[in-house]
Structures are given as C-alpha cells and as structure tokens.
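Residues per chain are reported as follows:
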Amino acid sequence: MLQQILQEMYIDPELLAELSEEQKQVLFVKMREEQVRRWKESELKLENEDKKNPRKRKPGRKGFVKFLEGSDGHEWVWVMGDHPNDKNIDDILEEEAKTEALRKAELEMEKLRQQEEKELKVRLEQEQHDVELAKKKMEEDIRRKKEEAEMYQSIKEARIVAQRLEEEKKKEEQKRVENLRSSFAQERRVSMEKVEKAKRRRSNELYVRWKEMRRQIEKSAEEESKEVEDNWHYREKQAKEAEKQMQTLAKRAREEHCNSLRLTSSVISAASAFSEGVKPPLPPKPKYLTQNALASQNGISGTKVSRKKRSLRPKNKDDVVKWFLEEEKPQGVGIDPTTKEVATWFHGVISRVDAELMLQSKTLGAFLVRVSERVWGYTISYRAEDRCKHFLIDTSEAGYQFFGANQVLHASLHELIEFHKNNPITVMGGEKLRHPVGQSKDPPDYHGLLQPKILESTSL
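Just so it is clear, the model here is predicted, and its values are computed rather than measured.

Visitor: Tell me about the nonpolar core, residues and numbers included.
Guide: Within soluble globular proteins, side chains that are nonpolar tend to cluster in buried spots. The biggest cluster of nonpolar side chains holds 30 residues, and the ones touching the most others in it are Phe324, Phe346, Val371 and Tyr378. Listing elements by their share of this core, those giving two or more residues are α7 (317-328), β2 (366-371), β3 (377-383), β4 (388-395), β5 (400-402) and α9 (413-422). If you look at the next biggest cluster of nonpolar residues, it comprises 13 residues, including Leu6, Leu19, Leu312 and Phe403.

Printed below as a string of structure tokens:
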C-alpha cells in the first residue's frame, strides 16, 4: 500500500485520518524523499536533452534586458527623496490636495457664476421691459400735450413745446439707460467679487476637510497597524508553538524510523546467526509461518490462499467483507491458534468512533483489533493515557506489518498482537497491548465475518 501511495503521490483524506501522528510523519518523509528523487531525475533528463538539442533563440530577440547606466557605470536608479530638490511625500500630497481643492472650488463657483448671470439677465430683461413701458407712457404724454398745445396755442408755440418734450424724452431715456448700465455693471462686479470670495472660502473648506480626512485615515491606519501587529505577534507565537510541536513529532518519527531500522537489522542479524548455528545474543523473534503452515496450525485446510491485486482502498463495507471471507478467513485470522476460538480482541468492521466508545472507560493498555473499512487490513485501537490511538496494519503476500517503511513483518495477525504484548508499538509512546477488549453486543460485531459454528464455540 505504501508503494502505491508513493507511486500516485496521493493518500485519501479518510485513510490519512486513520494514521497515527508517527505514521503520518513517516509517510511525509517518504513522500518528500520520493518528490526529491523525481525532481532530480527530471532535472537530469532536461540537462541531457539540452546537451543533445540545445535551445535556439527566436530571431529578432536579443534575449536580455538592457538598463540605463549612470555615471558610475552601474544601472541608473532614482529614489524619491534622495536628491536635495526632491519633495517629500507629505509636501507632494499637500500640494495635490490644494490643487484638487482649488479645482473643485472653481467648478462649484463656475456653476454659481452662471446661475447669477442667468438671474442678472432676467433682471436686465425686466428692466428693459420697464423702460419700454415708460417710453410708451412718455410718448403718450407727449402726444397728449401736443394735442393740447395745438388746441390752445399757436403753431409756433406748439413746435417749441413739442421740441422741449422731445428733448426731455431723450434725456429721460439716456438717463434710464445709463442707470440701467451702471446698475448692471455694479451688480456684475459685486457678483464676481462674491464668487471669488466664495471660491477661496470653498477651497479652504475642501482643504481643511481633506486634512481632517487624512488625519482620520492616518489614525485609523495606525490603529489597524497596531491591531495587525498584535495579531501577527499572536499568530507568530502560535506558529512557533505549532512548529515546535511539528519538530517534536518529526523527531519522534525519525527516532521511530531509526529504531525500526535497528530492530530490523537486529532481526536479520539474529536470523543469520541462527542459520549458521551460532547462538544469537538476544532471544530470537517469533518464527514466521507460511500461509499454509498457519492454516494447518489453526485446523483449516492447507490450500494456499493467493491474494488478488486490488485497488488502493476498498469502495465500501461489502468489499471489505468479501475480501475477508475470500482471503483472511481461510488463513484463520481472528482465531486464537491455542484455543481455536475467536480471539477476545478481534472485532468486525466497526468505526473509529465505536472503537473509542468501547475504550474510553478502560484502563491504560486496553486494546482491540477491528477490520478496517479504509484499507485492506486492520486497525489496532489502543487506550493511551490522554486519548485513544489507532495504528493501521497493512496486509501483503509476505505477512502483516504496521503501515510505513522498515516495519517488523509478521506471518499472522495473532503473531503481531502477541509480539507487541511485550514490545511497544512505538519507542516514544511505549504502547504495549495489555488488556484485550471483547464484545459488548449480542450478536457480536464480527457476526457477518465468521461461521456460526465458530461463534457457537466462542466463549466471550
């Protein structure tokens, strides 16, 4: 299974959740080593291809960027603020704010000037209308006076009166026009002064508003920066703690890996010494049994059971049951070879949660073995001091071993359990299988995996 994961460089999240922290660290190290190996192969392949077929540059392209050089011969770089004539950013922003405020004020005052000119135009038209009315009224008076003069005076006197009336009319019209022009010019001058004054006032208001807004923004930015800095320190503290935990786990995984290598080496050395007739310094590990020998020992037919090539993980529970009935049950898995009954620690296809519920009230060292629904194998659920741990057991043609590299291989599941009653599963954790946890339901949870005749003879 480990080889399949390294080949695909992917592990199912549900399967990953079943691994212990030590197994996760070992898997991470192996996947990282595989990534580095593939990268080196890819780089070597590219180098060989480049040597055989060197790349040609496209025509019309120089293939490099040319920078402007300064008097010192190096790339010319301008940094704002370094030159004595350079303005600092605050002065630049303030000038831009003043210019923008003046522009906005001019736009607003232009609209106000157009409105006032429109009002002056209306008033001028009204004045002209009044002048026309007055002119008509004056003409009517002159005509009337002429008629009266003609009636009571001679022609000469009438002409003098008419001439006087014409002169008075011209003087009155000229006076009205001059008054109207003077009034319009005065009002226009006052309006322009008013607009200019309003423009300056509005420009100052916009500039003051910009200053206040900038002050608020700087204050808000300072508060946010302080909050971000505090949050960053908190996150940094958390990251350091997490990194410390990861380093501790990685150290434990490396130690576990090294101890596994030493243990494997000691097993190989002991086996070699034993085969040469030399008594090894330590007691030999339990002898591995072949599948046929194990089946004969358990009182089952000695027909060899061949394992089929399967996918990385089962699709569902039915696949697991079928796999167990076809491959594991004929080998006597779950049966105690001494009593020929179902082992107390053996359980069926139960979930991680159900296993933890069975173990939560048990003492340190309590354990059970359940058929895994995530892989073609089993899971040891173990009651530790502060929590429940779960260790995956992988199955292969050679035997049974914990998930990972350089693990001790056992000929049967029963042998693996017996071995770890005296030897810890991990060196750092010191997990020894002391108290097997049996069934709490009737019928037992392995009802669909073992034959009824076996169940009848099983004492729970």
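Now that the structure has been shown, the text picks up again.
Visitor: Tell me about a negative patch on the surface, residues and numbers included.
Guide: There is a patch of like negative charges on the surface, built from Glu222, Glu223, Glu224, Glu227, Glu229 and Asp230. Relative to the assigned elements, glutamate 223 resides in helix α5 (residues 155-275).

Visitor: Which residues make up the pattern of salt bridges, and what values do they have?
Guide: One pass over the full model with this rule turns up 14 salt bridges. Between glutamate 236 and lysine 240 there is a salt bridge, with the nearest N and O atoms lying 3.9 Å from each other. You can see glutamate 236 and its partner lysine 240 sitting in helix α5, 4 residues apart, about one turn around the helix. Overall, lysine 240 belongs to the exposed group, its relative accessible area being 53%.

Visitor: So what's going on with α9? Which residues, and what values?
Guide: Turn by turn, an α-helix covers 3.6 residues, leaving residues three or four places apart pointing in a common direction. For α9, the buried fraction is high: 7 of the 10 residues fall into the buried class. Taken residue by residue, α9 has Leu413, His414, Glu415, Leu416, Ile417, Phe419 and His420 as its buried positions. Looking at the packing, one finds that the buried side of α9 touches β2, β3, β4 and β5. Capping the start of α9, serine 412 holds a side-chain oxygen 3.0 Å from the backbone nitrogen of glutamate 415, two or three residues further along.

Visitor: Requested: an account of the environment of leucine 359, with residues and values cited.
Guide: Positionally, leucine 359 belongs in helix α8 (residues 352-359). Measuring from C-alpha to C-alpha, the distance between leucine 359 and valine 437 comes to 7.7 Å, with 78 residues separating the pair along the chain. The residues touching leucine 359, leaving out its near neighbours within four places in the chain, are Ala366, Phe367, Leu368, Ser381, Tyr382, Arg383, Cys388 and Val437.

Rules behind the numbers
Residues numbered from 1 in each chain as written. Predicted model: local features only at pLDDT ≥ 70, side-chain atom pairs only at ≥ 80, totals over all residues. Heavy atoms only, no water. Core = buried A, V, L, I, M, F, W, Y, C linked by side-chain atoms within 4.5 Å. Buried < 20%, exposed > 50% of the residue type's maximum accessible area, 1.4 Å probe, protein only. Helix = DSSP H or I, 4+ residues; strand = E, 2+ residues; numbered from the N terminus. Patch = residues over 30% accessible without salt bridge, like charges linked within 9 Å, V, L, I, M, F, W, Y side chains within 5 Å. Areas by Shrake-Rupley, 256 points an atom, 1.4 Å probe, with all protein chains shown as cover. Salt bridge = Lys/Arg side-chain N within 4 Å of Asp/Glu carboxyl O. Lys, Arg positive; Asp, Glu negative; His and termini not counted. Charge placed at Lys NZ, Arg CZ, Asp CG, Glu CD. Contact = heavy atoms within 4.5 Å. Polar contact = N/O pair within 3.5 Å; in protein donor to acceptor, adjacent residues only side chain to side chain.

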